[in-house]
Amino acid sequence: MSELELLADDPEWADVTPIRQYENVNPIAPIFYSEEYKDATDYFRAVVKAGETSPRVLKLTEKIIRMNPAHYTAWQHRYKTLIALQADLEEELRLMDDIAKQFLKTYQVWHHRRLLLTAINSVDVAQLELEFLKDVLEVDTKNYHTWSYRQWILAHFNKEARLWAGERPYAEALLDADVRNNSAWHHRFFVVFSSGVRLGDEDREQVLRRELSFVKEKIALAPNNASAWNYLRGVLEFTKTPFETLTSFVLPYTAPKPPAPEDEVVDLDNPLPSQDAELPCVAALEFLADVYEKRGGDDTAKAVEIWKTLANEKDIIRKKYWEYRIREALQRAT
């Protein structure tokens, strides 16, 4: 074997004639692959053409994937080979754990795991996958592909209550660690609202009260956190709860500064912004303007004044958007 460990020097592959990528072609701008990668993919093209599914193909595809984890054809042929050989798919999951952690932003990594779990079709293995994903999300708590795979597992095993049982507390723990984790907010909404009614959440009025209380507390902690305000809006829209019912909560966040401690009135249902909060809060102003717009009549003018403030002072980056809102509201009012 040479220092590069080329398959061309490996007796195990002596019966295979490699297929070059640019055979009988003179490309204008060829991609500069390493010798080891060119060697591996030349032999890979040959085994794919021959339809070979064998243990050596598993070794070959693993080698290619470790060099290029986005090589979707290598992933697909690897899965085909695993199925043909009736290989231990749980062992394959464990083999791929370090690849998933190393290349967690690569879609093919997670699609392969999805195919494996579908074929295994075991709730116990699904539970292990959820635990594994917790480890992966410690590396990157906002990785889209990891969250998508987690939600796919839950949806695929939708009726398995034990898989869902820890999901809301898990999302809550992530938000306690980072209240601005938009992925955790999205996952909480997925668990509580988008995925159906979970065990223990049958009383939807109680669920609504719980979620409003939770999100209000998080907004009070970090008033300018767009993720929490988006969650609040999502809860209200999903449950068809009028925005106006939250006016008492929102108003203090539209003030130029938090109320002085001696002026605070304790209201457990409507926590006030923290003393170091930067006010007024853009999201609160937008929310209040939506309330006024919905009321219509004379309150349309109040909405317009808020939008002017946003356009010219508080949210200049979206100036064109606020001017559009003003035009639309005034046209409807005439």
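These remarks concern the structure in this document. All figures in this text were calculated on a predicted structure; none of them were measured in a lab.

**Details of the packing of aromatic side chains**
Pairs of aromatic rings are described using the distance from one ring centre to the other and the angle between the two planes.
Then, number 1: Summed over all chains, the structure comprises 18 aromatic pairs.
Then, number 2: Where Tyr-149 meets Trp-152, the ring centres are 6.1 Å apart and the plane angle is 10°; that geometry is what we call stacked. Linking Tyr-149 with Trp-152, this pair stays in helix 8 (residues 144–156), spanning three residues, or about one helical turn. Residues Tyr-149 and Trp-152 agree in their burial class; the two are buried.
Then, number 3: Ring centres 5.8 Å apart and planes at 90° place the aromatic pair Phe-189 and Tyr-231 in the edge-to-face group. In this pair, Phe-189 sits in helix 11 (residues 182–194) while Tyr-231 sits in helix 13 (residues 226–238), placing the two residues 42 residues apart along the sequence.
Then, number 4: Looking at Phe-189, the relative accessible area reads 17%, which means it is buried.

**Some thoughts on the layout of surface pockets**
Vacant regions in the atomic arrangement are exposed by a probe of water-molecule size rolled over the atoms.
Then, number 1: Considered as a void within the structure, the largest pocket measures approximately 230 Å³ in volume.
Then, number 2: Trp-164, Ala-165, Arg-198, Leu-199 and Asp-201 are, among the 14 residues lining the largest pocket, the residues nearest its centre.
Then, number 3: For the lining of the largest pocket, the elements supplying multiple residues, two or more each, are helix 9 (161–164) and helix 10 (167–177).
Then, number 4: Counted by class, the lining of the largest pocket contains six nonpolar, two polar and six charged residues.
Then, number 5: Estimates place the volume of the second largest pocket at around 200 Å³.
Then, number 6: Forming the walls of the second largest pocket are Glu-205, Leu-208, Arg-209, Leu-212, Ser-213, Lys-216, Glu-217, Leu-268, Asp-269 and Pro-271.
Then, number 7: Its residues assigned to classes, the lining of the second largest pocket shows four nonpolar, one polar and five charged.

**So, the environment of Arg-325**
Then, number 1: Mapped onto the elements of the fold, Arg-325 is located in helix 17 (residues 319–333).
Then, number 2: Expressed as a C-alpha distance, the spacing of Arg-325 and Glu-293, which sit 32 residues apart in the sequence, is 10.0 Å.
Then, number 3: With residues up to four places along the chain from it excluded, the contact list for Arg-325 reads Asp-290, Glu-293 and Trp-307.
Then, number 4: There is a polar contact of 2.8 Å between the side chain of Arg-325 and the side chain of Asp-290.
Then, number 5: For Arg-325, the side chain forms a polar contact with the side chain of Tyr-321, separated by 2.8 Å.

**Notes on the side chain of Arg-233**
Then, number 1: Mapped onto the elements, Arg-233 comes out in helix 13.
Then, number 2: Every residue in contact with Arg-233, bar those within four places of it in the chain, is listed here: Phe-243, Glu-286, Phe-287 and Asp-290.

**Describing helix 17**
Then, number 1: Relative to the 21 Å expected for 15 residues at 1.5 Å per residue, helix 17 spans 21 Å between its end C-alpha atoms, a close match to the ideal helical length.
Then, number 2: Regarding helix 17, the residues found buried are Trp-322, Arg-325, Ile-326 and Ala-329. Within helix 17, the buried residues cover an arc of 100° as seen down the axis, which keeps them to one side. Residues Lys-320 and Gln-331 are exposed on helix 17 and point more than 90 degrees away from its buried face.
Then, number 3: Buried-residue contacts for helix 17 involve helix 15 (282–295) and helix 16 (299–314).

**Observations regarding the packing of helix 3 (residues 72–84) against helix 6 (residues 107–120)**
Then, number 1: Where helix 3 contacts helix 6, the axes come no closer than 10 Å and their chain directions differ by 20°. Taken as axis vectors, helix 3 and helix 6 run roughly parallel relative to one another. For the pair helix 3 and helix 6, the crossing hand works out as right-handed. Residues Tyr-72, Trp-75, Gln-76, Arg-78, Tyr-79, Leu-82 and Ile-83 of helix 3 pack against Gln-108, Val-109, His-112, Leu-115, Leu-116 and Ala-119 of helix 6.
Then, number 2: Within the contact of helix 3 with helix 6, the residues separate by chemical class into nine nonpolar, three polar and one charged.

Conventions adopted
Each chain carries its own residue numbering, running from 1 in the direction its sequence is written. For this predicted model, a pLDDT threshold of at least 70 governs which residues receive local features, and a threshold of 80 or more governs which side-chain atom pairs are given and counted, while totals over whole chains, interfaces and linings are taken from all residues. As a convention, hydrogens and water are excluded, and side-chain values are obtained from all of the structure's heavy atoms. What counts as a ring pair is set by centres within 6.5 Å for rings of Phe, Tyr and Trp (its six-membered ring), and what kind of pair is set by the plane angle: stacked under 30 degrees, edge-to-face over 60, tilted for all other angles. Secondary structure is summarised from DSSP: a helix means a run of H or I of at least four residues, a strand means a run of E of at least two, and numbering begins at the N terminus for each. Exposure is judged per residue with a 1.4 Å probe applied to protein chains only, and the accessible area is read against the type maximum: over 50% gives exposed, under 20% gives buried, and values in between give partly exposed. Points on a 1 Å grid, built from protein atoms alone, make a cavity when a 1.4 Å probe fits but cannot get out and make a pocket when they are open with protein on both sides within 12 Å along at least 5 of 7 lines; residues with an atom within 4 Å of a point are the lining residues. Grid points are joined across faces, edges and corners, and a volume is the space filled by probe spheres set on the points. Residues were grouped as follows: Ala, Val, Leu, Ile, Met, Phe, Trp, Tyr, Cys and Pro as nonpolar; Asp, Glu, Lys and Arg as charged; and all remaining residues, including Gly, as polar. Every residue pair with non-hydrogen atoms within 4.5 Å of one another is taken to be in contact. A 3.5 Å cut-off defines polar contacts: any pair of N or O atoms within that distance qualifies, except that in protein one atom must be a possible hydrogen donor and the other a possible acceptor, and neighbouring residues in sequence count only when both atoms are side-chain atoms. An expected span of 1.5 Å times one less than the residue number is assigned to each helix. As used here, the arc is the angular range of directions from the helix axis to the C-beta atoms. Lines fitted to the C-alpha atoms define the axes, with helices restricted to the stretch that makes contact. Angles between their N-to-C directions range from 0 to 180 degrees. When an angle is under 35 degrees it counts as roughly parallel; over 145 it counts as roughly antiparallel; between 65 and 115 it counts as roughly perpendicular; any other value is oblique. Left-handed describes a crossing in which the near helix is turned anticlockwise from the far one by less than a right angle; the clockwise case is right-handed.

Keep in mind these numbers describe shape, not what the thing actually does.
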